[in-house]
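Listed below are the residues making up each chain.
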Amino acid sequence: MSRKTPQAIRGTQDIFGADAEAFAFVVETFERVRRLYRFRRVEMPVFEKTEVFARSLGETTDVVSKEMYSFDDRGGESLTLRPEFTAGIARAFLTNGWQQYAPLKVATHGPLFRYERPQKGRYRQFHQIDAEVIGAGEPQADVELLAMADQLLRELGIHDVTLHLNTLGDAESREAWRAALIDYFRAVKDQLSEESQERLEKNPLRILDSKDPRDKPFLADAPKIDAFLSEEASAFFAAVTSGLDAAGVKWVRAESLVRGLDYYRHTAFEFIPDEGSASAAALGSQSTVLGGGRYDGLMESLGGAPTPAVGWAAGIERLAMLVGERAEPKADVAIVAEDDASMLVAIAAQMGLRAKGLTCDAFLSGSPRKRFDKAVKSGAKAILAYQMVDGKVTGRVKSEDEALGIQLLQFEHQTSL
RNA sequence: GCGAUCAUAGCUCAGUUGGUUAGAGCGCCGGUUUGUGGUACCGGAGGUCACGGGUUCGAACCCCGUUGGUCGCCCCA
């Protein structure tokens, strides 16, 4: 019997008005830029078999162990709403024989789902733009991908965000570094924060970017990845950085930048607002606006042949916050029926104007005397007002824009014949 | 998963130490005024004070719980 309106699901958003304009601006700019770099558009399913994410992200990661929206379908199969793009794209690469297109550059965007506590810049259904290069093991692919990200941010008008870059080395380098970190931190385990003591077992790399003051004294002297890099890994990173310099992409080395997901190798990066900047303030405690890296190990975890790949993703909501308010555009023409006798002529007129490609609002209802005022208030570039005069419906034009005014006068003249 | 804080009209917010029919501005609808125009005035609609309990003669106000928002932690885009 309750007539109560159901509430929206926690952490979802109904985006409207200036916010929706900013969101659309981000997506449109991304679509334009990815064409410049010749990334091909792909559309991906919103859900996959649970194992697609469990196997590629790693069972122990937070995303898989406690943040996925998983459910059994009517056939009893466990499915999951995608918490990220990369795993699904990798699955599609393997199941559709896209190896034949390698190196394959693809881009997509859409909703992702993560069961997390919502806060500023963080939602349970959120949206990302995403770019991947699959089947390209050379550092030039990393450079191109990062150059695209950098250009995208500039075209969005975001200038106070900088590329933070690191390398995790190849599989051997990464393992050796990890072992050294565990040795180093285990020696001072009692003095670390509770969180970092836990991370020591689960994900020791994460201790490096701890914000806890108890951990900070030990971070500076912690083993550095550079000491463990193989010759190949060093050369790879050097090729990436020199390529970025040649491309004119500004970057800073971030030795403590790591990735949470298991499949990353070599290049890891995040675009982060500069300290004290307007963008940093706009984002609150969420610092990363675009992040990614190289994931040469992923295809194997999904049962495919070893396939090198790089990619990044960026939160559309976060980018939209940095883009700021974007006003909804005003109509070219507001059509007014100043009395009910001119109604049908006004309806016909708006169809004619829209067919000519002019955006058009109509004011046909409510108090006839107030319709013109509403049209004025709407901020339309021009007003075309119809009124019954001496038994004939006639239109009057009011326009700030002279050319548009003349066009409307001609239109009115032709249609009144 | 943990912590802090908030929830009154469509929106932004008042509402005194608990005390009659819960208010304003904006917006919306109607009327009058103006009359190539965004004005002014008058009127109207719209609220089980987030929801559920409790204390009290009496609760928007005090207590408990739930839901949701916001901001941190964890983690991440």
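Owing to the predicted nature of the structure, the values given are computational and were not obtained by experimental measurement.

Undergrad: Give a detailed account of the overall build of chain A, specifying residues and quantitative values.
TA: Check the secondary structure of chain A and you find 15 helices and 15 strands. In terms of C-alpha radius of gyration, chain A reaches 28 Å, well past the compact-globule figure of 22 Å for 417 residues. Along the first, second and third principal axes, the C-alpha atoms of chain A reach 95 × 65 × 45 Å. Taking all 417 residues of chain A together, the buried fraction comes to 50%. The contacts in chain A between residues at least 6 apart in sequence include a share of 72% that link residues at least 24 apart. Each charge class in chain A was averaged separately, 52 positive and 62 negative side chains, and the resulting centres sit 6 Å apart.

Undergrad: An account of the protein's contact with RNA strand B is needed here, citing residue identities and associated values.
TA: If you check the shell around RNA strand B, you find 40 residues, and the closest are Arg114, Arg199, Arg206, Arg369 and Arg396. Near the protein, meaning within 4 Å, the atoms of RNA strand B are sugar or phosphate in a fraction of 50%, with bases accounting for the rest. Interatomic distance of 3.4 Å between a backbone N/O atom of Val289 and a sugar or linking oxygen of RNA strand B. One of the side-chain N or O atoms of Arg318 is found 3.2 Å from a base oxygen in RNA strand B. Among the secondary structure elements, those contributing two or more residues to the surface near RNA strand B are strand S6 (125-134), helix H7 (194-202), strand S11 (309-315), helix H14 (368-377) and strand S15 (392-399). Among the elements that line the surface near RNA strand B, the one with the most residues is H14, at seven residues.

Undergrad: If you had to explain H14 to someone new, which residues and values would you point to?
TA: By the burial criterion, the buried members of H14 are Arg371, Phe372 and Ala375. With its buried residues spanning 90 degrees around the axis, H14 presents them on a single face. What points out from H14, more than 90 degrees from its buried face, is the exposed set Arg369, Lys370 and Lys377. Against strand S12 (333-337), helix H13 (343-355), strand S13 (360-363), strand S14 (382-389) and S15 lie the buried residues of H14.

Undergrad: Could you give an account of the pattern of salt bridges, naming the residues involved and the relevant values?
TA: Evaluated as defined, the whole model comprises 22 salt bridges. The shortest N-O distance in the salt bridge between Arg41 and Glu31 comes to 3.0 Å. Of this pair, Arg41 sits in strand S1 (residues 40-41) while Glu31 sits in helix H1 (residues 17-36), and the two are 10 residues apart along the sequence. On the basis of relative accessibility, which here comes to 29%, the residue Arg41 falls in the partly exposed class. In this structure, Arg253 and Asp226 form a salt bridge, with 2.7 Å as the shortest nitrogen-oxygen distance. One end of the pair, Arg253, is in strand S8 (residues 251-253); the other, Asp226, is in the loop between helix H8 (216-219) and helix H9 (231-247), with 27 residues separating them in the sequence. We classify Asp226 as partly exposed; its relative accessible area is 38%. In this structure, a network of salt bridges that share partners links the residues Glu31, Arg34, Arg35, Arg41 and Glu43.

Undergrad: Lay out the packing of helix H2 (residues 50-57) against helix H4 (residues 86-95) with the relevant residues and their values.
TA: Two numbers describe how H2 lies on H4: the axes approach to 9 Å, and their chain directions differ by 105 degrees. In terms of orientation, H2 lies roughly perpendicular with respect to H4. Every residue of H4 that contacts H2 at Val52, Phe53 and Ser56 is listed here: Ala87, Gly88 and Arg91. The class makeup of the residues in the contact of H2 with H4 is three nonpolar, two polar and one charged.

Rules and cut-offs
Residues numbered from 1 in each chain as written. Chains lettered and ligands numbered in written order. Predicted model: local features only at pLDDT ≥ 70, side-chain atom pairs only at ≥ 80, totals over all residues. Heavy atoms only, no water. Helix = DSSP H or I, 4+ residues; strand = E, 2+ residues; numbered from the N terminus. Rg over C-alpha atoms; globule rule 2.2 N^0.38 Å. Buried < 20%, exposed > 50% of the residue type's maximum accessible area, 1.4 Å probe, protein only. Contact = heavy atoms within 4.5 Å. Lys, Arg positive; Asp, Glu negative; His and termini not counted. Charge placed at Lys NZ, Arg CZ, Asp CG, Glu CD. Near = heavy atom within 4 Å. Polar contact = N/O pair within 3.5 Å; in protein donor to acceptor, adjacent residues only side chain to side chain. Arc of directions from axis to C-beta. Salt bridge = Lys/Arg side-chain N within 4 Å of Asp/Glu carboxyl O. Axes fitted to C-alpha atoms, helices over the stretch in contact; angles between N-to-C directions. Parallel < 35°, antiparallel > 145°, perpendicular 65-115°, else oblique. Nonpolar A, V, L, I, M, F, W, Y, C, P; charged D, E, K, R; others polar.

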